[in-house]
Amino acid sequence: MQVFEGSVYGEITDKGTEKLIGLFANYFNDRDGVFYDLGSGEGDLAIKVATSTSIGKVIGVELHKERYLKSESKLKQTKLDNVSFVNEDFLKTDLSNATVIYYANEGIPKNTSNKLWDNIPKGCLLICGRRVRALDNIKKYALTTVIEKSYTKKRGNWYIIKQTNNINNKFN
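Here's a quick rundown of the structure. None of these values were measured; they are calculated from a predicted model. (Residues numbered from 1 in each chain as written. Predicted model: local features only at pLDDT ≥ 70, side-chain atom pairs only at ≥ 80, totals over all residues. Heavy atoms only, no water.)

Here's the deal with the nonpolar core
If you look at the biggest cluster of nonpolar residues, it comprises 21 residues, and the most contacted ones within it are Phe 28, Phe 35, Val 49, Val 58, Val 100 and Ile 127. At the level of elements, α1 (14-23), α2 (25-28), α3 (44-52), α4 (65-76), β3 (83-86), β4 (100-103) and β5 (125-128) are the ones that each hand at least two residues to this core. Considering every element that reaches this core, the biggest residue donor is α3, with 5 residues. Other than its neighbours up to four places away in sequence, Phe 35 contacts Phe 28, Leu 45, Val 49, Ile 55, Lys 57, Val 58, Ile 59, Val 100 and Tyr 102. Counting 18 residues, the second largest nonpolar core, distinct from the first, contains Leu 38, Val 61, Leu 91 and Leu 95. (Core = buried A, V, L, I, M, F, W, Y, C linked by side-chain atoms within 4.5 Å. Buried < 20%, exposed > 50% of the residue type's maximum accessible area, 1.4 Å probe, protein only. Helix = DSSP H or I, 4+ residues; strand = E, 2+ residues; numbered from the N terminus. Contact = heavy atoms within 4.5 Å.)

Structure, rendered in structure tokens:
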């Protein structure tokens, strides 16, 4: 199991979540869609996505036991039946059904991000905070859309859509 510093932790704000949902509304309003929050912490983002959108399924993956237990506790206080949390290394998680992945990778080693990239299904929207290897060679990885948005002057967020054979670009 990989172990990362417990102090590397932060939650996306409600305002940031609302911006992401608005920017990618077509993805978040897909009733057949599956949203993964990798490094879901205490579960706030997963619960907010489930209560604010019509996406079909929400899964939070958290390595740290204490944060996972806190997310489970928060979930029990809701009536949500389309949210689940798992306590495991996200590199071992089956992401084959993912349509949207949120990955706050600023505190994660770059080689871990590169390993994760290979497990992301084609056509999946990846929302992450630090560059992944695919951005270094857009043609090789056949990306349909790469956007850089910055919510602060110091930090940019990268959004990547992997290409599929039958492109149904929901980003329009």
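Structural notes on the pattern of salt bridges
Going through the model one piece at a time under the given rule, you end up with 4 salt bridges. One salt bridge connects Glu 42 with Lys 74, and the closest N-O pair in it is separated by 3.5 Å. Of the two residues, Glu 42 is situated in the loop between β1 (34-38) and α3 and Lys 74 in helix α4; the sequence distance between them amounts to 32 residues. Salt-bridge contacts for Arg 67 lead to Glu 62; the nearest nitrogen and oxygen are separated by 3.9 Å. Here the salt bridges do not stand alone but share partners, grouping Glu 42, Asp 44 and Lys 74 into one network. (Salt bridge = Lys/Arg side-chain N within 4 Å of Asp/Glu carboxyl O.)

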